[in-house]
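A look at the structure
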Amino acid sequence: QVQLVESGGGLVQAGGSPRLSCTASGNIHSINAMGWYRQAPGTQRELVAHITADSSATYADSVKGRFTISGDNAKNTVYLQMNSLVPEDTAVYLCNAAVKISTWFAPRDFWGQGTQVTVSS
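Here's a quick rundown of the structure. Just so it is clear, the model here is predicted, and its values are computed rather than measured.

This next bit is on the environment of Gly-15. The topology assignment puts Gly-15 in the loop between strand 2 (10-13) and strand 3 (19-26). If we ignore the near neighbours within four places in the chain, the residues touching Gly-15 are Ser-84 and Leu-85.

What follows is the structure in structure tokens.
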């Protein structure tokens, strides 16, 4: 199996700049892409940012210009640098990875447990 472990969340003041990390481990042949999603209470999970193995990144409109996603393929790790946080960014942030466990199989999605980010005004 594959495990994703996030870190870097917590209580942050508005305007703060925390960085989230997510490392994948386990039965990994290759990782096609990794991404960050978030879910606030009473809302649907939404994509925040996504990066492919060749470093092509996409962002939700709400975070463009404030958040930056990056990856370290050698470490199976993805980062999310968050700047200029506002209270509306408060959510559980979840890491996702599209992982191939073998050349014979299509990529599968795996999820981390999530890390809470709370932005105080």
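Let's pick the thread back up.
For the rest of this paragraph, the subject is the sheet that holds strand 8 (residues 77-82). Strand pairing in a sheet takes place through backbone hydrogen bonds and is either antiparallel or parallel in direction. Spatial ordering of the open sheet is given by 1-3-8-7, a layout of four strands whose pairing is antiparallel. The sheet is open, and its two borders are formed by strand 1 (2-7) and strand 7 (67-72), each paired with just one other strand. Across the sheet, the axes of successive neighbouring strands diverge by a mean angle of 15 degrees, strand direction being ignored.

A complete count under the given rule lists one aromatic pair for this structure. Note on Tyr-37 and Trp-111: the rings are 5.0 Å apart at their centroids and 65 degrees apart in plane angle, and the pair reads as edge-to-face. With Tyr-37 in strand 4 (residues 30-39) and Trp-111 in strand 10 (residues 108-111), this residue pair connects regions lying 74 residues apart in the sequence. Among the residues examined, Trp-111 registers a relative accessible area of 35% and is labelled partly exposed.

Turning our attention to the pairing of strand 5 (residues 46-52). Pairing of strand 4 with strand 5, which is carried by six bridges, proceeds in the antiparallel orientation. Bridge assignment links Trp-36 to a residue of strand 5, and that residue is Ala-49. Count of turn residues in the strand 4/strand 5 antiparallel hairpin: six residues, of which Gly-42 carries a positive phi of about 80 degrees. Across three bridges, strand 5 lies against strand 6 (residues 57-59) in antiparallel orientation.

What follows deals with the pattern of salt bridges. Inspection of every chain in the model, using the stated rule, returns four salt bridges. With a shortest N-O distance of 2.9 Å, Arg-38 and Asp-89 are connected by a salt bridge. In this pair, Arg-38 sits in strand 4 while Asp-89 sits in the loop between strand 8 and strand 9 (91-100), placing the two residues 51 residues apart along the sequence. For Asp-89, a relative accessible area of 1% corresponds to the buried category. The partner of Asp-61 in a salt bridge is Lys-64, with the nearest N and O atoms 3.2 Å apart. Asp-61 gets classed as exposed once you look at its relative accessible area, which sits at 64%. One network of salt bridges, in which partners are shared, links Arg-38, Glu-46, Arg-66 and Asp-89.

The rules we used
- Residues numbered from 1 in each chain as written.
- Predicted model: local features only at pLDDT ≥ 70, side-chain atom pairs only at ≥ 80, totals over all residues.
- Heavy atoms only, no water.
- Helix = DSSP H or I, 4+ residues; strand = E, 2+ residues; numbered from the N terminus.
- Contact = heavy atoms within 4.5 Å.
- Pairing = 2+ DSSP bridges.
- Axes fitted to C-alpha atoms, helices over the stretch in contact; angles between N-to-C directions.
- Phe/Tyr/Trp six-rings, centres within 6.5 Å; stacked < 30°, edge-to-face > 60°.
- Buried < 20%, exposed > 50% of the residue type's maximum accessible area, 1.4 Å probe, protein only.
- Salt bridge = Lys/Arg side-chain N within 4 Å of Asp/Glu carboxyl O.

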